[in-house]
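Here's the letter readout for the chains.
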Amino acid sequence: MTLSYQSPGTTTFVPEVWDAELLTAFDPLLVWASPIVSNYKYEGNIRQKGDVVHINSLLRPTVGDYNLPDGMTAQRPETVDQKLAITEAKYLQVLIEDAERVQLSSKNLNSPINQQMIRSLAREADTFMGDIIAKGAAALPTVKASAANAPQALYSAILDMMLALDDNDVPAGRYVVVSPRVKRHLVEHPAVANAAAYGEGGVTANGVVARLAGFTILTTTAMPTGVDIVAGHKEFATYASQFTGFREGQSEKYRADYIDTLHLYGGKIVRYPDMDTKKADSSFDESKPTKGIVKASVEWALAA
């Protein structure tokens, strides 16, 4: 049976099914843009590249001392505006000879070629968000790792990051993202190797290595240049993403049909009135790093 929204020649192709499958396949591939590292609170209603999501922050009022005869002085609430721009528009397009046959054989985007294209989209988005987070993070001293002290030096660096976040009252639910090389030596430390004794061990989706000491430890090959360790809380970085749904039609260039989708997204560091400087125009000074995310590079002095 051909439904009202289907072409008679592609009766088994259902765009809504493919769209849901793409999101299911896409999300577990993310680290920087995953819900562990970034929040999705401000996605809003994204429709095209160039859209802007407005984030309003309410400044905390000042507490005063009550006395007679002065009484009380009323304060007007003040807000600070932050803008999350949807700057990226990436597409995925595949050519097929028979929409019905591909739909049936691919098991809803599980064919190897579709999986590779989804991975490419995920990598683009994750690299983009990793750069946003690293550029906005506060830099800590370089970690010096030698053959004799690498596991302890890396673990101590993470504890230093914990202290830096503690000093700024960053809440629980923190993450640490490390490069594969850091992970290789970090897992030799007993606290990480025996993570089950401290938190939750085991490799899961989104690159999770272990959970301990209040951190979810993740790893990715999509590390920003010059950065080996990043620690923070997802409330300090936001990611907004929208797939516009699948289209299908006949290729103008080839004797084939096409299926494509458009991925719109953007990201930014979220500022907070108690941590960041308010400017005269009621915006935050975004030239300064956030106190809710810290980063460090590693100077390797290991034997070749």
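Conventions we followed
- Residues numbered from 1 in each chain as written.
- Predicted model: local features only at pLDDT ≥ 70, side-chain atom pairs only at ≥ 80, totals over all residues.
- Heavy atoms only, no water.
- Helix = DSSP H or I, 4+ residues; strand = E, 2+ residues; numbered from the N terminus.
- Contact = heavy atoms within 4.5 Å.
- Areas by Shrake-Rupley, 256 points an atom, 1.4 Å probe, with all protein chains shown as cover.
- Salt bridge = Lys/Arg side-chain N within 4 Å of Asp/Glu carboxyl O.
- Buried < 20%, exposed > 50% of the residue type's maximum accessible area, 1.4 Å probe, protein only.
- Core = buried A, V, L, I, M, F, W, Y, C linked by side-chain atoms within 4.5 Å.
- Expected span 1.5 Å × (residues − 1).
- pLDDT = per-residue confidence, 0-100.
- Polar contact = N/O pair within 3.5 Å; in protein donor to acceptor, adjacent residues only side chain to side chain.
- Phe/Tyr/Trp six-rings, centres within 6.5 Å; stacked < 30°, edge-to-face > 60°.
- Patch = residues over 30% accessible without salt bridge, like charges linked within 9 Å, V, L, I, M, F, W, Y side chains within 5 Å.

## A look at the overall build of the chain
Right, on to step 1. Summing up its helical and strand segments, the chain has 6 helices and 15 strands in all.
Right, on to step 2. For the chain, restricting intrachain contacts to residue pairs at least 6 apart in sequence, the fraction spanning at least 24 positions comes to 77%.
Right, on to step 3. Element-wise, carbon and sulfur atoms account for 52% of the exposed surface of the chain, whose accessible area totals about 16300 Å².

## Overview of the pattern of salt bridges
Right, on to step 1. Summed over all chains, the structure comprises 7 salt bridges.
Right, on to step 2. Among the ionic pairs, E299 bridges to K144, the shortest N-O distance being 3.2 Å. Here E299 is found in strand 15 (residues 298-301), whereas its partner K144 is found in strand 5 (residues 143-146), with 155 residues between them in sequence.
Right, on to step 3. The class of E299 is partly exposed, set by a relative accessible area of 43%.

## Some words on the nonpolar core
Right, on to step 1. Formed by 66 residues in total, the largest nonpolar core has its most connected members in F26, W32, I133, Y175, V177, I229 and I293.
Right, on to step 2. Residues in contact with Y175, not counting those within four places in the same chain, are I36, V37, I133, F215, T216, L218, V230, A231, G232, H233, K234 and I293.

## A look at helix 4 (residues 150-167)
Right, on to step 1. Compared with the 26 Å implied by 1.5 Å per residue over 18 residues, the 26 Å span of helix 4 between its first and last C-alpha is a close match.
Right, on to step 2. Inspection of helix 4 places A150, P151, A153, L154, Y155, A157, I158, M161, A164 and L165 among the buried residues, and these make up the whole buried set.
Right, on to step 3. Once helix 4 finishes, D169 follows within two positions and takes phi at roughly 55°, a positive value.

## Here we look at the side chain of H185
Right, on to step 1. Its place among the elements puts H185 in helix 5 (residues 180-186).
Right, on to step 2. When its relative accessible area of 11% is taken as the criterion, H185 is described as buried.
Right, on to step 3. The residues contacting H185, other than those within four sequence positions of it, are A150, P151, L154, W300 and L302.

## What to know about the confidence of the model for the chain
A low pLDDT score tells you not to read the predicted coordinates there in detail.
Right, on to step 1. Mean pLDDT over the chain works out to 80, with 78% of the residues at or above the 70 mark.
Right, on to step 2. The secondary-structure element of the chain with the lowest mean pLDDT is strand 7 (residues 200-201), recorded at 49, while strand 10 (residues 229-233) shows the highest, at 97.

## Regarding the side chain of R174
Right, on to step 1. Locating R174 in the fold gives a position in strand 6 (residues 174-178).
Right, on to step 2. When its relative accessible area of 9% is taken as the criterion, R174 is described as buried.
Right, on to step 3. Within the structure, the side chain of R174 is placed 3.4 Å from the backbone oxygen of M162, a separation counted as a polar contact.
Right, on to step 4. Filtering out sequence-adjacent residues up to four positions away, R174 remains in contact with M162, L165, D166, G214, F215, T216, G232 and H233.

## Describing the packing of aromatic side chains
Right, on to step 1. Scanning the entire structure with this criterion turns up 4 aromatic pairs.
Right, on to step 2. Ring centres of Y239 and Y265 lie 6.1 Å apart, and the angle between their planes is 45°; this geometry places the pair in the tilted category. Of this pair, Y239 sits in strand 11 (residues 237-243) while Y265 sits in strand 13 (residues 257-269); the two residues are 26 residues apart in sequence, bridging distant segments of the chain. An identical accessibility class is assigned to Y239 and Y265; each is buried.

## Structural notes on a nonpolar patch on the surface
Right, on to step 1. Taken together, the side chains of Y66, L68 and M72 present a nonpolar region at the surface, about 450 Å² in accessible area.
Right, on to step 2. By the secondary structure assignment, L68 is in the loop between strand 1 (52-58) and strand 2 (79-85).
Right, on to step 3. Note on L68: relative accessible area 71%, which makes it exposed.

## Some words on the environment of F26
Right, on to step 1. Structurally, F26 can be placed in helix 1 (residues 15-26).
Right, on to step 2. Take F26: its relative accessible area is 1%, and that puts it in the buried class.
Right, on to step 3. Put simply, F26 and R123 are 97 residues apart on the chain and 9.6 Å apart in space, counted from C-alpha to C-alpha.
Right, on to step 4. With sequence-adjacent residues up to four places away left out, F26 is seen in contact with I118, L121, A122, A125, Y239, F243 and H263.

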